[in-house]
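Structure at a glance
What follows is each chain in one-letter form.
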Amino acid sequence: APLVALRSFQGTARTTPSSADSDAVNVRQLQYFLQIAELRSFTRAANVLHIAQPALSRQIRALEDELGTALFHRFERGVTLTEAGLLLRDRAAAILRDLERLREDIAAQGNDPRGEVSLGMPPSMREMVTVPLAGEVRQRHPQVVMHLYEGISVFLNEQVRQGKIDCAVVSDLEPLAQVESEPLLTEQLYLLAPPEAGLRADQPVSLESVSQQTLILTSRPNSLRLIVENALAAAQLPLRIVIDGNSTAAMVDLVAQGIGCSVLPYCAADSGLRQGRLSAAPIEGLHVAWTMIYSRERGLSPVGTLVRDMLQEMVR
């Protein structure tokens, strides 16, 4: 396995190595350590890693000997991380991500792109963008592995800033100072109602009409909720919410059953409209602007750039 030097681990590494390679930490040891830290059990980690528990314990003891400190508090029913273990967990995860990124960058020099990319998407885009994009990537680039995450903008923004996912599509209401951002799409917001309401795509409705409805909206701090709240507040109009939640699919189903109306981007309602389960009308002056973000420090890998370009192509 490749070797990674951890020379400044809080000054705890031994100054007198016991062997020629003792001042380097094995990458496999870091992988084993992170698995134990996640599962909080040597036994469960050994099962997941398909390694005998005594062999796993020897690897971790060797890692602790090299770093000169205990990484786990050991109990009869499991383990917890020591203070040094907590530090190593954060640093080791970053080291392994950088090594994987290096491997992918080298592999991407060939004609057949390969590697992994993690992409965060808003729930409203699932049917029209996320699923078709994943299918297209798989068909055109079978050596690329995608990790898909779905969530509200504030969550995805934080995940990108912490380096836990590579890139994400978020609302431009999010603070973007700590990330690279590229405008992706400005999407019209629609008032959704049951079919019998007779809303039509060629007959926009006013904010005043929206304020007269009992609404099923996304939960705060979801950007779609904030856009509606801010617009009605600016127009000094009331907001009547009967249900809120974090599932746009559930919201569409509730509207189709006549429980209330909702305000969502068109892409969230496309399937329900085509099936005749909903009616919809654009709301005058109400839009959501989506932005692609990624780490300012790490940038996008070649595979990440490939998926970004395919996403932009699909949105267009």
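Residues numbered from 1 in each chain as written. Predicted model: local features only at pLDDT ≥ 70, side-chain atom pairs only at ≥ 80, totals over all residues. Heavy atoms only, no water.

1. Regarding the overall build of the protein
Summing up its helical and strand segments, the protein has 11 helices and 12 strands in all. By residue count, 45% of the 316 residues in the protein fall in the buried class. Of the contacts made within the protein by residues no fewer than 6 positions apart, 74% connect residues no fewer than 24 positions apart. When the accessible surface of the protein is totalled, it reaches about 16,300 Å², and 48% of it is carbon and sulfur. (Helix = DSSP H or I, 4+ residues; strand = E, 2+ residues; numbered from the N terminus. Buried < 20%, exposed > 50% of the residue type's maximum accessible area, 1.4 Å probe, protein only. Contact = heavy atoms within 4.5 Å. Areas by Shrake-Rupley, 256 points an atom, 1.4 Å probe, with all protein chains shown as cover.)

2. Quick word on the confidence of the model for the protein
Summarising the model, the protein shows a mean pLDDT of 87, and 90% of its residues fall at 70 or more. Within the model, pLDDT remains below 50 along residues 1-23, and this stretch shows 35 contacts once partners closer than five positions in the same chain are excluded. (pLDDT = per-residue confidence, 0-100.)

3. A look at the pairing of strand S4 (residues 78-81)
A regular strand carries its side chains on alternate faces of the sheet. Judged from the four bridges that link them, strand S3 (residues 72-75) and S4 form a sheet pairing that is antiparallel. For Phe75, the partnering residue across the bridge sits in S4 and is Gly78. Between the antiparallel neighbours S3 and S4 lie two residues. (Pairing = 2+ DSSP bridges.)

4. Brief notes about the pattern of salt bridges
Counted according to the given criterion, the structure contains 16 salt bridges. Glu229 is paired through a salt bridge with Arg225; the nearest N and O atoms lie 2.7 Å apart. You can see Glu229 and its partner Arg225 sitting in helix H8 (residues 223-234), four residues apart, about one turn around the helix. Across the pair, exposure class does not vary: Glu229 and Arg225 are buried alike. In this structure, Asp244 engages Arg225 in a salt bridge whose closest nitrogen and oxygen atoms are separated by 3.1 Å. In this pair, Asp244 sits in strand S10 (residues 241-245) while Arg225 sits in helix H8, placing the two residues 19 residues apart along the sequence. Residue Asp244 is classed as partly exposed on the basis of its relative accessible area, which comes to 39%. Among the residues examined, Arg225 registers a relative accessible area of 9% and is labelled buried. (Salt bridge = Lys/Arg side-chain N within 4 Å of Asp/Glu carboxyl O.)

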